[in-house]
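A closer look at the structure
Each chain, written out:
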Amino acid sequence: MMTRILAKGYLWLLLALLYSPILIIMIFSFTEAKVLGNWTGFSTKLYSSLFTGGMHHSLTSAIWNTFAIAMLAATASTALGSIAAIGIFNLRTRMRQVMNFANTIPMMNSDIITGVSLFLLFVSFGISQGFTTVVLAHITFCTPYVVLSVMPRLKKMNQNVYEAALDLGATPFQALRKVILPEIFPGMISGFILAFTLSIDDFAVTIFTIGNEGLETLSTYIYADARKGGLTPELRPLSTLIFVTVLVLLIVINKRAERARKGK
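Residues numbered from 1 in each chain as written. Predicted model: local features only at pLDDT ≥ 70, side-chain atom pairs only at ≥ 80, totals over all residues. Heavy atoms only, no water.

1. Some points on the overall build of the chain
Going by this rule: Think of it this way: any DSSP run of H or I at least four residues long counts as a helix, any run of E at least two long counts as a strand, and we number them from the N terminus. Think of it in three bands: with a 1.4 Å probe and only protein chains considered, a residue is buried below 20% of the maximum accessible area for its type, exposed above 50%, and partly exposed in between. Only heavy atoms matter for contacts: two residues are in contact if any of them lie within 4.5 Å across the pair. Accessibility throughout is a Shrake-Rupley quantity obtained with a 1.4 Å probe, and a residue counts as covered only by protein chains that appear here.
Across its full length, the chain carries 11 helices and zero strands. Listed N to C, the secondary structure of the chain is α-α-α-α-α-α-α-α-α-α-α in terms of helices and strands. Projected onto its principal axes, the C-alpha positions of the chain cover 70 × 65 × 40 Å. A buried classification covers 33% of the 264 residues belonging to the chain. The long-range share in the chain, meaning contacts at least 24 apart out of those at least 6 apart in sequence, stands at 72%. Working note: accessible area of the chain is about 16,500 Å², and carbon and sulfur atoms make up 68% of it.

2. A closer look at the side chain of threonine 143
Relative to the elements of secondary structure, threonine 143 occurs in helix α6 (residues 131-156). By relative accessible area, which is 15% here, threonine 143 ends up buried. Excluding residues within four positions of it along the chain, threonine 143 makes contact with Ser77, Leu80 and Gly81.

3. Notes on the packing of aromatic side chains
As a reminder, the rule being used: Two aromatic rings from Phe, Tyr or Trp, using only the six-membered ring of Trp, form a pair when their centres are within 6.5 Å; if the ring planes differ by under 30 degrees the pair is stacked, by over 60 it is edge-to-face, and anything between is tilted. For a ring to carry a charge above it, either NZ of a lysine or CZ of an arginine must fall within 6 Å of the ring centroid while also lying within 35 degrees of the normal to the ring plane.
Under the criterion given, the structure shown has five aromatic pairs. Their ring planes at 50° and their centres at 5.1 Å tell us that phenylalanine 203 and tyrosine 223 sit as a pair that is tilted. Taken together, the residues span a long stretch of sequence, with phenylalanine 203 in the loop between α8 (172-201) and α9 (204-209) and tyrosine 223 in helix α10 (residues 218-227) at a distance of 20 residues. Taken together, Phe30, Phe42 and Tyr47 form an aromatic cluster joined through their ring pairs. One Lys or Arg, arginine 96, reaches over the ring of phenylalanine 89 and ends 5.5 Å from the middle of that ring.

4. A word on the environment of alanine 164
Within the secondary structure layout, alanine 164 lies in helix α7 (residues 159-167). Separated by 15 residues in the primary sequence, alanine 164 and valine 179 have C-alpha atoms spaced 10.0 Å apart.

5. So, the nonpolar core
Taken as a class, soluble globular proteins show a tendency for nonpolar side chains to be buried jointly. So the rule is basically this: Residue types Ala, Val, Leu, Ile, Met, Phe, Trp, Tyr and Cys, when buried and joined through side-chain atoms within 4.5 Å, form a set referred to as a nonpolar core.
With 28 residues, the main nonpolar core has Ala85, Val150, Met151, Leu154, Ile180 and Ile184 as its most contacted residues. Listing elements by their share of this core, those giving two or more residues are α3 (57-89), α5 (111-124), α6, α7 and α8.

Here it is in structure tokens:
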């Protein structure tokens, strides 16, 4: 009995430590106070500033850059990761194990090492750093996660269906489009969402590949803003909206996966 109480107490303490900072940001996003922790009354003015152009121009630019980079990186990494997963899955057993191990290394590797490596790569090839290099860097570290998301769907797929499509006269491309892609589509969606959130969240890789031409993303903007001694108040409602959006997406994905399991 005591062990169960202690286990539940430890779990709730851990959840409180993880989510209390987010809860504080959400609460103080409904007040006009410029300093976090100073409650000046309930207000939605900070939220209205997000949609009426009341924010600083640099923050608006950073938000657009962040979501543009995330969308491009997630789309490209989903395409590349899905193709790579199909290729890896069709390799021989030993070679497949080698490639799966190689795919795991970038995910286990420290972000700062990845950032420095990509920075040195771009410098050695004489590529000027900016929007393009950030997108390429994000594609690089997001693609392995897509492979990891798609691979389980390939393992669950009935291989006889693909072979039957070929026997019935379908070309390999037609079989890929009409048989394999519908089977792995849920994994592709999960990989896309994961890549999108990873791209939005990234700082270490971005700071090394963003260059010095004035390009800013949300993470670099927050870092520079914090170094000045404070945070722009509009960041509180923006963080709240991003958190709620990601939470809703996770709930939808889990509900869809649960219905798919029950359907089988």
